[in-house]
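Structural description and commentary
The chain contents come next:
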Amino acid sequence: MKTIRIGTRDSELALWQANTVKSKIESLGYKAELVPVKSTGDIILDKPLYELGITGIFTKTLDVAMLAGKADIAVHSMKDVPTLLPKGIVKAAVLKRAPSEDILVHKGNTAFFEGNGTIATGSLRRKAQWLHKYPQHQVEDLRGNVNTRLQKLEDNSWDGAIFAKAGLERIELTPENHTVLDWMIPAPAQGAMLVVAMENDTYTKNILAKLNDEDTDICTHVERDFLRTLEGGCTAPIGALATIENNVINFKGGLFSLDGKQKLIVENSIAKESFSNFGNICATNVLNNGGSELMKKIREVLKPKSTNE
Ligand SMILES: NCc1[nH]cc(CCC(=O)O)c1CC(=O)O
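Since the structure is predicted, the reported quantities are computational estimates derived from the model, not experimental observations.

What counts and how
- Residues numbered from 1 in each chain as written.
- Predicted model: local features only at pLDDT ≥ 70, side-chain atom pairs only at ≥ 80, totals over all residues.
- Heavy atoms only, no water.
- Phe/Tyr/Trp six-rings, centres within 6.5 Å; stacked < 30°, edge-to-face > 60°.
- Helix = DSSP H or I, 4+ residues; strand = E, 2+ residues; numbered from the N terminus.
- Core = buried A, V, L, I, M, F, W, Y, C linked by side-chain atoms within 4.5 Å.
- Buried < 20%, exposed > 50% of the residue type's maximum accessible area, 1.4 Å probe, protein only.
- Contact = heavy atoms within 4.5 Å.
- Domains from an automatic or database assignment.
- Near = heavy atom within 4 Å.
- Polar contact = N/O pair within 3.5 Å; in protein donor to acceptor, adjacent residues only side chain to side chain.
- Areas by Shrake-Rupley, 256 points an atom, 1.4 Å probe, with all protein chains shown as cover.
- Nonpolar A, V, L, I, M, F, W, Y, C, P; charged D, E, K, R; others polar.
- 1 Å grid on protein atoms, 1.4 Å probe; cavity = no way out; pocket = protein on both sides within 12 Å on 5 of 7 lines; lining within 4 Å.
- Points joined across faces, edges and corners; volume = space filled by probe spheres on them.

Bringing the packing of aromatic side chains into the picture now. Under the criterion given, the structure shown has nine aromatic pairs. Geometrically, the ring pair formed by Phe112 and Phe113 is stacked, given 4.7 Å between the ring centres and 20° between the ring planes. For the pair Tyr134 and Trp183, a centre-to-centre distance of 6.3 Å together with 70° between the ring planes defines the contact as edge-to-face. Of the two residues, Tyr134 is situated in the loop between helix 4 (124-133) and strand 7 (138-140) and Trp183 in the loop between strand 9 (178-181) and strand 10 (193-198); the sequence distance between them amounts to 49 residues. Through a chain of ring-to-ring contacts, the aromatic side chains of Phe112, Phe113, Trp130, Tyr134 and Trp183 assemble into a single cluster.

Grouped together as the largest cluster of nonpolar side chains are 25 residues, with contacts concentrated most on Phe226, Leu230, Ile238, Phe251, Leu255, Val286 and Ile298. Those elements that provide at least two residues to this core are helix 8 (214-231), strand 11 (238-245), strand 12 (248-256), strand 13 (263-271) and helix 9 (278-302). With residues near it in sequence (within four places) discarded, Phe251 still touches Val222, Glu223, Phe226, Ala240, Leu241, Ala242, Val266, Glu267, Asn268, Phe278 and Cys282. Ranked by size, the runner-up nonpolar core spans 17 residues in total, among them Ile73, Val75, Met193 and Leu208.

To continue, consider the domain arrangement of the protein chain. Examined at the domain level, the protein chain breaks down into domain 1 (3-96 + 192-212), domain 2 (102-181) and domain 3 (223-302). Computed over C-alpha atoms only, the centres of domain 1 and domain 2 are separated by 27 Å.

The environment of the ligand is formed by 14 residues, the closest being Lys79, Asp80, Arg149, Ala164 and Gly191. At 2.7 Å, a side-chain N or O of Asp80 approaches a nitrogen atom of the ligand. Ala164 places a polar main-chain atom, nitrogen or oxygen, 2.9 Å from an oxygen atom of the ligand. Bound to the protein, the ligand loses 93% of the 390 Å² it would expose on its own. Of the residues contributing to the shell around the ligand, the split by class is five nonpolar, four polar and five charged. The residue makeup of the shell around the ligand includes at least three contributed by each of domain 1 (3-96 + 192-212) and domain 2 (102-181).

If you add up the space inside the largest pocket, you get close to 250 Å³. Residue lining of the largest pocket: 14 residues in total, with Arg97, Thr216, Cys219, Ala242 and Thr243 positioned closest to the centre. Where the lining of the largest pocket is concerned, the elements lending two or more residues are helix 8 and strand 11. Classifying every residue of the lining of the largest pocket gives six nonpolar, three polar and five charged. Along the walls of the second largest pocket sit Met78, Thr83, Leu84, Leu85, Lys91, Leu194, Asp217, Thr220, His221, Arg224, Asp225 and Arg228, which together make up its complete lining. Among the elements that take part in the lining of the second largest pocket, helix 8 stands out by supplying six residues, more than any other. Class assignment for the residues of the lining of the second largest pocket results in four nonpolar, three polar and five charged. Counting only domains with at least three residues in the lining of the second largest pocket, you end up with domain 1 (3-96 + 192-212) and domain 3 (223-302).

Turning our attention to helix 3 (residues 57-67). Since one α-helical turn is 3.6 residues long, residues separated by three or four positions face the same way. For helix 3, the full list of buried residues reads Ile57, Phe58, Thr59, Leu62, Asp63, Ala65 and Met66. In the stretch just after helix 3, Gly69 is the one whose phi turns positive, near 80°.

Written out as structure tokens, the structure reads:
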């Protein structure tokens, strides 16, 4: 029997995700092994992500390994995956979503919420939404994998730092002192895992199809369509979350100015079977209600840089 080779980065979160897929493949009665690959996103830590000028920094090295025939599949945090996949690489499964929320990890004293706080994040989306809600606060840049960021928070005088709840839970590192940011719109596809395979690898694709969660697949499709239509190749502070209840998709998306002062929100629902163009409809709604002007301003500042989160 062919062994499915899973390309993976070596961060604790990436390994957890790759091992989870390995176990699921083995539970179906097939063989799988991990192939470690180093990613530039994990190596360059001194610059904000959006300044690195590379799209899909976390995923590119694994794409290269797959295209070079060194790995059959890769497991990604779906929010780190560019909305257009490289030629020859296709979506093979979207796993059932873990919690989608962001959380603030702090140091026990929450008085800063009411006063002059300093919180750390490397994400434009988190920064903009934080400053919108807490305009008197400072936001500092914070890079690195989840473990590195937790360590940096401990080593610095910041009051808190923002993380994806799913990422901390997966590696069982959620600190006791934290607040779930249920008001913050998560990154498109946050909490979901995407497994990609080679387009021509029917054997592997047929196995992975059994791992696909239909509702998560649909929701992340809507969120990523919203992102793709809105940003048009540039990275802006954009959040999106779709959920399904009683066969209805409920969607909330937001575009923010970099300083968080401006906020354009769309909330919309549609029957589940009409999901295919829904993200684009929601994005067009934002673009027609001030979003085009705001995106133009954001592009002038960020251009020619672009990356995900
Ligand atoms: N930006 C890096 C990243 N990519 C995926 C996750 C966590 C898992 C997920 O959101 O699906 C994280 C960590 C974080 O944002 O705190």
